[in-house]
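# Reading the structure
What follows is each chain in one-letter form.
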Amino acid sequence: MEVYKKAQTVLLADDDPTLRMVAAAHLRKEGYEVVTAENGHRLLELLVEYEADLIVLDVDMPTMNGFEACKRIREFESCKNLPILMMTGLEGNSSIEEAYRVGATDFIAKPVNWTLLKQRLKFMLRATTAIKELSDSEARLAKAQDIAKLGYWHWDLKRKVLTLSQQLQEIIKSPSAQIDSVDRILDAVVSKDREHLRQVISLAQTLPTSFPTDFFMHILVCQQGKRTMHVQSSLECDLQGEAIAIHGTVQDVTERVNAEERISFLSHFDRKTHLQNRESFARSLDGMIRLYQGLGGVVTLVLLDINRFGRINDIFGHTAGDHVLIEVASRLKHCLGTFSKSDKYVGTEICRWGSDIYGVAVHAKRSSDQSGEIPVALLATLVEPISANGHEVSLTGCIGYAHVSDRVADTDTLVRNAETALRHAKRQGRNSAHCYHSGMSQASERRVLLEGDLQKALEENQLYLHYQPRIHAAKNIIVGAEALLRWQHPTLGLVSPVEFIPLLEEMGLIHNIGAWVFREACKQLKIWQDMGHHEFVMSVNLSAVQFRDVRLAQEVRDVIQNAGIHPSTLEVELTETSIMEDVSQTQATLMVLKEMGLRIAVDDFGTGYSSLSYLRSFPLDTLKVDRAFIRDLTTNDEDKSLATAIIAMAQSLNLRVVAEGIELQEQASFLLEKSCDEFQGFLFSKPISAEAFTELLTSWPNKPNHTALPSRA
């Protein structure tokens, strides 16, 4: 029978309704029950109605601010140890000091980093739970020491009588406090201990000093099964020094022994998968490398990462996620077992390396056996879907692996190389396996260099925008442009956005840079509209990180107002993958943008989910067909069919279709025939500076080498 576990309750007080809504959504997604209040007075009322596990409290609120509310909460006896997290947008240390002075457990600065907030709450709840459990444990121990009586026994060696305390009688189910034959207690002892105890009793009757003073035995207790007993004894002698009795205590130490065994297990093995943990695996890997140094051959460390594992927990729940981890571990063990049986290998080891990463170490006898057969085989174990908690889950993975060599014969370097290879594999996409080579370290060094230089790229005017025109297919006129971010590094030259935009996201700079892109693009849009291009539309790309930022809507609204443009002439582009990461949040955010009057486009369509049912649930205006479907359009019948189907589907949803990456006249002609609405690509213009784009607008369609398109039939 599954035991229901009550969700922990968080009381959230903030006068900003948007922040309350977004924070509540994030916390409910983590499994909390969330109750919100708009000010301190309302929070105090809710505190009477709800049994809160934690309070999140804004500092700056009307009626009663967070400091006063926190102070009032601490006046309740039941809330003395209740964890309180204060959110403050106030600058300086004074607000932090005041928060702690009035009793806050911790604080977090605004704007809120939601990932950090969730981790803070988990830490606070764990700490509070641990303190409470420790306090309860100490109280129980004090009570137990006061009232508990150890099972006591006294063995009269002269009378051959064994006397038992009441507690010991109950433990071994003896009907009498006195037993005239010690052998009778053997009935309660488990069979494997029975013969040993019989020998101890027999020897003690002839040589009492041989009776052990401290030993363990196991007995069977009805409804409790096997219990571990700790027996302690001492010998009693008369004035002549002759042994006359043995007496001692019996204590049930089953829980302690089980806990010690559990601790020993957890120090070496992972709790969920029962594979070695990383620390134990590292010791095994050390031993494998030492053996390699004597025998030769090759040692390989393989790291396998399950792609997008977090989505399994988010969509199907952590129970399903745990089941997936256990099943993957089982498959990997089975796969590795087949290699262990081969005479090509000296030994194999496997562990759970991290949350969704597994580590495998293999010692092959010959260097020629270091082909990629094991990484390929390990990836193949993920092919078959896994049934988890009533759901069928399909997995993909990435593998990075590295070999021990004469130059790399230590665990730390091998691990570092394998992790570098794994990061490289993850950047290459799903189901990829890459072996470490020195070029990867060079790429890592470049990455570190770029990370450092990105911090100052904006302030030193290294970042700028280029614009690529969008052409009305039927009218052959420029109707808009896509703003594209560029980085001219002072020493490395032009750095690809594919390389530096993921870094901006990882470093937390994408919000500031993205806001700058919005401002610059809208300023330029206003210039072109003032030149007479009133219906001109500017497209700006949003990364998934920007899209999830609660500040997005307000900042876009401010930029539009400051630039003096109409929202309908601004279009935001999101990749198909990013809008599918959290469907419910996507719908809510897109509705806010749509209500502001913005146009919304799905970029790179066809590379992700391609789900008609999902597309219908979003307030979209434009669908941009990925260049991958356009590239071979003139030679590949399958791409022709796909492009035709995508255009037809978009038309059925009243979406405008933009084809990206058009480089050939034949591609444009085919798409025009299929009623594609807009074109974008090198056939018309590469991305160019604002000045060059202005000249293009002025000269179009009379510019030199202008491509004439056929009329749509």
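Notes on the structure in this doc start here. Just so it is clear, the structure is predicted and the values come from calculations on it, not from any experiment.

Turning to the sheet that holds strand 12 (residues 298-306), a few remarks are in order. What holds strands together in a sheet is hydrogen bonding between their backbones, with the strands either parallel or antiparallel. Here we have five strands laid out as an open sheet, ordered 13-14-12-17-18, and mixed in their pairing. The two strands at the open ends of the sheet, each matched to only one other strand, are strand 13 (345-352) and strand 18 (432-435). Ignoring strand direction, the axes of neighbouring strands in this sheet form an average angle of 15°. By the bridge criterion, seven bridges tie strand 13 to strand 14 (residues 357-364) in an arrangement that is antiparallel. Within strand 14, the position partnered with I350 by the bridge is V360. Packing against the sheet, helix 11 (residues 318-340) makes contact with strand 12, strand 13 and strand 14, and its axis sits at approximately 175° to strand 13. In this fold helix 13 (residues 411-428) packs onto strand 12, strand 14, strand 17 (397-403) and strand 18, with an angle of close to 150° to the strand it touches most, strand 17.

In this section: the side chain of H230. Relative to the helices and strands, H230 resides in strand 10 (residues 225-237). There is a polar contact of 2.6 Å between the side chain of H230 and the side chain of D214. Apart from residues lying up to four places away in sequence, H230 is in contact with D214, F215, F216, T249, V250, Q251 and V253.

On to the sheet that holds strand 1 (residues 9-13), then. Strand order across the open sheet formed by five strands is 2-1-3-4-5, with parallel pairing between neighbours. Strands with a single pairing partner mark the edges of an open sheet, and in this sheet they are strand 2 (33-37) and strand 5 (106-109). On average, adjacent strands in this sheet sit at an angle of 20° to one another, irrespective of strand direction. With five bridges connecting them, strand 1 and strand 2 associate as parallel partners. Considered in strand 2, the bridge of V10 is made with V34. Each of strand 1, strand 2 and strand 3 (54-58) touches helix 2 (residues 40-49); the most contacted strand, strand 2, lies at about 140° to it.

This part takes up the pattern of salt bridges. All told, the structure shown has 31 salt bridges when counted by the stated rule. Between E571 and R470 there is a salt bridge whose closest N-O contact spans 2.6 Å. One end of the pair, E571, is in strand 23 (residues 570-575); the other, R470, is in strand 19 (residues 463-472), and 101 residues separate them in sequence. Here E571 falls in the buried class, since its relative accessible area comes to 0%. Its relative accessible area of 2% is what places R470 among the buried residues. One salt bridge in this structure joins R599 and E571, with 3.7 Å as the shortest N-O distance. Placement of R599 in strand 24 (residues 599-605) and of E571 in strand 23 is noted, with a sequence separation of 28 residues between them.

Judged by nonpolar contacts, the single largest core of 82 residues is most densely connected at M538, L671 and F679. The greatest single-element share of this core, amounting to nine residues, is contributed by helix 16 (residues 510-530). Dropping the residues within four chain positions of it, L671 is found in contact with I630, L633, I647, A659, I662, C676 and F679. Listed in part, the 32 residues of the second largest apolar core include I350, V362, A364 and A388.

The rules we used
- Throughout, residues of each chain are indexed from 1 in the direction in which the sequence is written.
- In keeping with the predicted nature of the model, local features appear solely for residues at pLDDT of at least 70, side-chain atom pairs appear and are counted solely at 80 or more, and the whole-chain, interface and lining totals rest on all residues.
- To obtain the side-chain values, all non-hydrogen atoms of the structure were used and water was disregarded.
- Two strands form a pair only when DSSP identifies at least two bridges running between them.
- The secondary structure listing takes helices from DSSP runs of H or I that are at least 4 residues long and strands from runs of E that are at least 2 residues long, numbered from the N terminus.
- In this analysis an axis means a line fitted to C-alpha atoms, helices contributing only their contacting stretch, and an angle means the value between N-to-C directions, from 0 to 180 degrees.
- We call two residues in contact whenever any of their non-hydrogen atoms come within 4.5 Å of each other.
- Here a polar contact means two N or O atoms within 3.5 Å. Within protein one must be a hydrogen donor candidate and the other an acceptor candidate, and residues neighboring in sequence count only if both atoms are side-chain atoms.
- Each reported salt bridge corresponds to a side-chain nitrogen of Lys or Arg within 4 Å of a carboxyl oxygen of Asp or Glu.
- Relative accessibility under 20% of the residue-type maximum defines a buried residue, over 50% an exposed one, and the middle range a partly exposed one, all with a 1.4 Å probe and only protein chains included.
- Working definition of a nonpolar core: buried Ala, Val, Leu, Ile, Met, Phe, Trp, Tyr and Cys residues. They are joined through side-chain atoms within 4.5 Å.

Geometric descriptors of this kind do not, in isolation, establish any biological role.
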